[in-house]
Structures are given as C-alpha cells and as structure tokens.
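Structural overview for review
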Amino acid sequence: MTLTRPLADTALVVVDLQQGTASNPFFNPVDTVAERAGELTAAFRRQRLPVVIATFALSRAGADGRPERAEPEGFREPLAVLDAQPDDLRVTRPAWSAFAGTGLDGLLCDHGITRLVLAGVATSIGVESTAREAHDLGYELVIASDAVTDLRSETHENSIQRIFPMLAQVATTKEILDALGR
C-alpha cells in the first residue's frame, strides 16, 4: 500500500511492548513484532518525530472496587529492542486504550501531532482500543500490520482485515519506513 501522504506531524505509539506482556507465551510472534517496532522507533527518532511508549499497569488503585494487584518487578519496563530514550513520551495506561486516563491526547496536541502510527500488542485489545479512541479524537492513523500481534490469530486477523481498514491505513513496517524516507 502507498501511504497517502508523507509522515509529517506524525508520532509513533508503541502499545504494551514491555517486559510483562512479552513474557506472555500466547503472544506470537512477539520477538518479530518487537524487532519491527524497534526499527520504527529508531526511524522516527532519526526523523526527530515523537515516539510514545505506552505501557500497561497491572497494579492500579482500587477505584473500581477491586483491590490493587501486585505487579512483578520490571513489569512495565519497555523491551530493550525499543531502546527507550529520555525524550520519548511515556504514558502508563490503566485501561485498554493508551488515551484512557493518561493525558496522551494533550501531549500529542502539545507536539502538533495529527497522525499516529500504531504498533504493539495485543492487536484486538490495546492496539485496537487505542486506534478507536484516536480515530474518535480526530487523528489520522496508520497501523503497522506486521508490528502488531495478538493472543489468537483469528482476533488479530479480524482487527487487521475488518476493523482497522475502517479507521486507518494499514501498512507494513517497510512501507512506513519508506514513507519516512521521503
């Protein structure tokens, strides 16, 4: 697919590629997806475009009436392949979307961002929820189709084939990298 315009005013949002989710044996192929996300983070940084690292908090205040859950040491740490940098925008999400309760929309607006490229896990949960909310907020979206994965192939394919085309352009990492080189 050819992206409709160069990737100006664009940020990369990497969802849940962190120690606690990468250790889940049901995400397959998390290593390949993480490598591709790492390629994207490096390319965005070279172009001086924002990288957002969105992590999931297993432990959170019990405002929903449930007790706080214990979180293993390092659970929220981004995978090493992402080479997290001090200039990256970091949000910790208490819900499925990277926007829910994180202030991400304000951070992106402060940087003049109107378009997002999404990568990470799980395709049908964190990535799709983030895509839906971003779409509702008016962001243009590109989904890195080979830099996302899910717990089950059928839910991954449903998001890639049915949901994302209604919300976004769906492109491979190579296509996104090529667009960044324009």
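Whatever comes next refers back to the structure up there.
Residues numbered from 1 in each chain as written. Predicted model: local features only at pLDDT ≥ 70, side-chain atom pairs only at ≥ 80, totals over all residues. Heavy atoms only, no water.

1. Regarding the sheet that holds strand β5 (residues 140-149)
- Reading across the sheet, the six strands line up as β3-β2-β1-β4-β5-β6 and stay open at both edges, with parallel pairing between neighbours. The open sheet is flanked by β3 (89-93) and β6 (169-171), the only strands paired with a single partner. On average, adjacent strands in this sheet sit at an angle of 25° to one another, irrespective of strand direction.
- Relative to β3, strand β2 (residues 51-56) is paired through five bridges, and the arrangement is parallel. Residue T55 lies in a different strand from β3, and its bridge partner there is T92. (Pairing = 2+ DSSP bridges. Helix = DSSP H or I, 4+ residues; strand = E, 2+ residues; numbered from the N terminus. Axes fitted to C-alpha atoms, helices over the stretch in contact; angles between N-to-C directions.)

2. A look at the packing of aromatic side chains
- Taken as a whole, this structure holds one aromatic pair when the rule is applied.
- Plain terms: the ring middles of F99 and Y139 are 5.8 Å apart, the flat faces sit at 35° to each other, and that makes the pair tilted. Placement of the pair is F99 in the loop between β3 and α3 (104-110) and Y139 in the loop between α4 (123-136) and β5, with a sequence separation of 40 residues. (Phe/Tyr/Trp six-rings, centres within 6.5 Å; stacked < 30°, edge-to-face > 60°.)

3. Observations concerning the pattern of salt bridges
- On inspection of all chains with the given rule, the structure shows seven salt bridges.
- With a closest N to O distance of 2.9 Å, E154 and R152 form a salt bridge. (Salt bridge = Lys/Arg side-chain N within 4 Å of Asp/Glu carboxyl O.)

4. Looking at the packing of helix α2 (residues 30-46) against helix α6 (residues 173-180)
- As a packed pair, α2 and α6 sit with axes 10 Å apart at the nearest point and diverge in direction by 5°. Comparing their axes, α6 and α2 come out roughly parallel. When α2 is examined against α6, the residues R36, E39, L40, A43 and F44 are found in contact with a partner set consisting of T173, I176, L177 and L180.
- Tallied by class, residues from the contact of α2 with α6 come to six nonpolar, one polar and two charged. (Parallel < 35°, antiparallel > 145°, perpendicular 65-115°, else oblique. Contact = heavy atoms within 4.5 Å. Nonpolar A, V, L, I, M, F, W, Y, C, P; charged D, E, K, R; others polar.)

5. Some thoughts on the pairing of strand β1 (residues 10-15)
- Burial runs high along β1: six of the six residues are buried.
- Of the two faces of β1, the one lined by T10, L12 and V14 and the one lined by A11, V13 and V15 are each fully buried.
- Strand direction decides the pairing type here: β1 and β2, joined by four bridges, are parallel. Bridging from a neighbouring strand, V13 pairs with V52 of β2. (Buried < 20%, exposed > 50% of the residue type's maximum accessible area, 1.4 Å probe, protein only.)

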